[in-house]
Amino acid sequence: MEHRDLGRTGLRIMPLVFGGNVFGWTIDEAQSFAVLDAFVDHGFDAIDTADCYSAWAPGNKGGESETIIGNWLKARPGMRDKVTIFTKVGSVTGGPHEGGLTEAHILPACDASLRRLGIEAIDLYFAHWPDPLGTSYQETLGAFDKLRQAGKIRAVGVSNVDAAQLRDSLKAARDVGLPGYQVLQPEYNLYDRNGFEGPLRDLCLAENIGVVTYYSLAAGFLSGKYRSEADLGKSARGGGVGKYLTPKGRAILAVLDDVANAHGAKPAEVALAWLMTQPGVTAPIASATTVAQVEKLRQSSGVEAERG
């Protein structure tokens, strides 16, 4: 397992990113510290979060995940130099922020994220959703460039866009001499392939755009934990898994079971290993709620998976 270049950012990361959406939702601060410690102890070094995580949990308002990560960094002197931090701006619970991706929203939102994280600079700052207000790419990218020039962010990425939107943003950046998006964070897994494979992936390869995938295990479905409607109550995340309980989903699980058994592995390990081998993919994002689950994430990096 070796470090990979994250597109044109100058950042290099191990080929698995920890998904911080669980912090302050399905695990508390103490357990979050334990899984982060285990993740780093296994040699991994990139953590993904967002300013809205985890606003959907009862009693939360957003920012809880960043706060927990910040507390962890503060309690671990020297850790900041060992990890790469991703966070995002421009979302509410499950969708675009009403403030859009205007400069007036982005600049103070970045400052708030920096305070919660307790760091001087965000390594990779994502536009979380396409702007619902029609804000120009030039304004959005100009705001990111101001943050970069101020030393508050090091690189910029975008999530949840299609090939046309990404292409248009890159052209808009070139037209006015601004840096364009350097990393894409798409939904991509063995079940949901069409959104990334094809024109979007081709564009990322042509432009040397790094790719870190979210929903890499289809909200946990590809772990094999959820195989019937009765299984959906096994965790707080079960509510988002029902849509995968289809003939297609069950067929994918059957193949995962066969490959996992052949390699002495678990379905989740195979699903993540498959992503790591896909053209254009720098690293999948995956979450864990226990130290034992982190060990399974580590094992995924050692499973050989065929392309296709």
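No experiment lies behind these values; they were computed from the predicted model shown.

How would you sum up the overall build of the protein? Please name residues and give values.
A tally of regular secondary structure across the protein gives nine helices and twelve strands. Here the C-alpha atoms of the protein give a radius of gyration of 19 Å, agreeing with the 19 Å that 2.2 N^0.38 yields for 308 residues. In the protein, buried positions account for 55% of the 308 residues. Across the protein, the fraction of contacts at a sequence separation of at least 24, relative to all contacts at a separation of at least 6, is 76%. Element-wise, carbon and sulfur atoms account for 50% of the exposed surface of the protein, whose accessible area totals about 12,900 Å². Each charge sign in the protein was given a centre, from 31 positive and 36 negative side chains, and these centres are 1 Å apart.

So, the side chain of Asn189: which residues are in play, and what are the values?
Counting through the fold element by element, Asn189 comes out in the loop between strand 10 (183-185) and helix 6 (199-207). From its side chain, Asn189 meets the backbone nitrogen of Asp192 in a polar contact 2.6 Å long. Engagement of the side chain of Asn189 in a polar contact is seen with the backbone oxygen of Tyr215, the distance being 2.7 Å. The residues touching Asn189, leaving out its near neighbours within four places in the chain, are Tyr215, Ser216, Ala218, Leu222, Trp274 and Leu275.

Can you lay out the pairing of strand 12 (residues 283-286) for me, pointing to particular residues and giving the numbers?
A two-sided burial pattern is seen for strand 12, the buried positions comprising Ala283 and Ile285 on one face and Pro284 and Ala286 on the other. Bridging between strand 3 (residues 17-19) and strand 12 involves two bridges; their strand directions are parallel. Bridging across to strand 12, Phe18 finds its partner in Ala286. As paired strands, strand 11 (residues 210-213) and strand 12 are joined by two bridges and run parallel to one another. The partner of Val212 across the bridge, within strand 12, is Ala283.

Can you explain the pattern of salt bridges? Please cite residues and give values.
Considering all chains together, one arrives at 14 salt bridges under this definition. We note a salt bridge from Arg80 to Asp123, for which the minimum N-O separation is 3.0 Å. Of this pair, Arg80 sits in the loop between helix 2 (64-75) and strand 5 (84-89) while Asp123 is found in strand 8 (residues 122-127), placing the two residues 43 residues apart along the sequence. The closest approach of N and O atoms between Asp145 and Arg148, which form a salt bridge, is 2.6 Å. With Asp145 and Arg148 both in helix 4 (residues 137-149), this residue pair falls three residues apart, about one helical turn.

An account of the nonpolar core is requested, with residue identities and associated values reported.
Judged by nonpolar contacts, the single largest core of 83 residues is most densely connected at Phe23, Trp72, Tyr125, Phe144, Leu166 and Leu222. It is helix 8 (residues 267-276) that provides the largest number of residues to this core, a total of seven residues. With sequence-adjacent residues up to four places away left out, Leu166 is seen in contact with Val158, Val161, Tyr181, Leu200, Leu203, Cys204 and Ile209.

Mind laying out the packing of aromatic side chains, listing which residues take part and the relevant values?
The full count for this structure, using the stated rule, is 13 aromatic pairs. Ring centres of Tyr188 and Phe196 lie 4.9 Å apart, and the angle between their planes is 55°; on these two criteria the pair is classed as tilted. In this structure Tyr188 comes out as buried when scored by relative accessible area, which is 0%. Judged by centre distance (4.9 Å) and plane angle (85°), the ring pair of Tyr191 and Tyr244 falls under edge-to-face. With Tyr191 in the loop between strand 10 and helix 6 and Tyr244 in the loop between strand 11 and helix 7 (247-263), this pair connects stretches of sequence that are 53 residues apart. Owing to a relative accessible area of 12%, Tyr191 belongs among the buried residues under this scheme. Of the residues examined, Tyr244 reaches a relative accessible area of 1% and is grouped as buried.

A description of the sheet that holds strand 10 should follow, citing residues and the corresponding values.
Pairing between the strands of a sheet comes from backbone hydrogen bonds, and it takes one of two forms, parallel or antiparallel. Spatially, 3-4-5-8-9-10-11-12 is the arrangement adopted by the eight strands of the closed barrel, whose pairing is parallel. Pairs of neighbouring strands in the sheet enclose a mean axial angle of 25°, with direction left out of account. Packing of helix 4 onto the sheet brings it into contact with strand 5, strand 8 and strand 9 (153-159), and relative to strand 9 it is tilted by some 155°.

About the criteria used
Residues numbered from 1 in each chain as written. Predicted model: local features only at pLDDT ≥ 70, side-chain atom pairs only at ≥ 80, totals over all residues. Heavy atoms only, no water. Helix = DSSP H or I, 4+ residues; strand = E, 2+ residues; numbered from the N terminus. Rg over C-alpha atoms; globule rule 2.2 N^0.38 Å. Buried < 20%, exposed > 50% of the residue type's maximum accessible area, 1.4 Å probe, protein only. Contact = heavy atoms within 4.5 Å. Areas by Shrake-Rupley, 256 points an atom, 1.4 Å probe, with all protein chains shown as cover. Lys, Arg positive; Asp, Glu negative; His and termini not counted. Charge placed at Lys NZ, Arg CZ, Asp CG, Glu CD. Polar contact = N/O pair within 3.5 Å; in protein donor to acceptor, adjacent residues only side chain to side chain. Pairing = 2+ DSSP bridges. Salt bridge = Lys/Arg side-chain N within 4 Å of Asp/Glu carboxyl O. Core = buried A, V, L, I, M, F, W, Y, C linked by side-chain atoms within 4.5 Å. Phe/Tyr/Trp six-rings, centres within 6.5 Å; stacked < 30°, edge-to-face > 60°. Axes fitted to C-alpha atoms, helices over the stretch in contact; angles between N-to-C directions.

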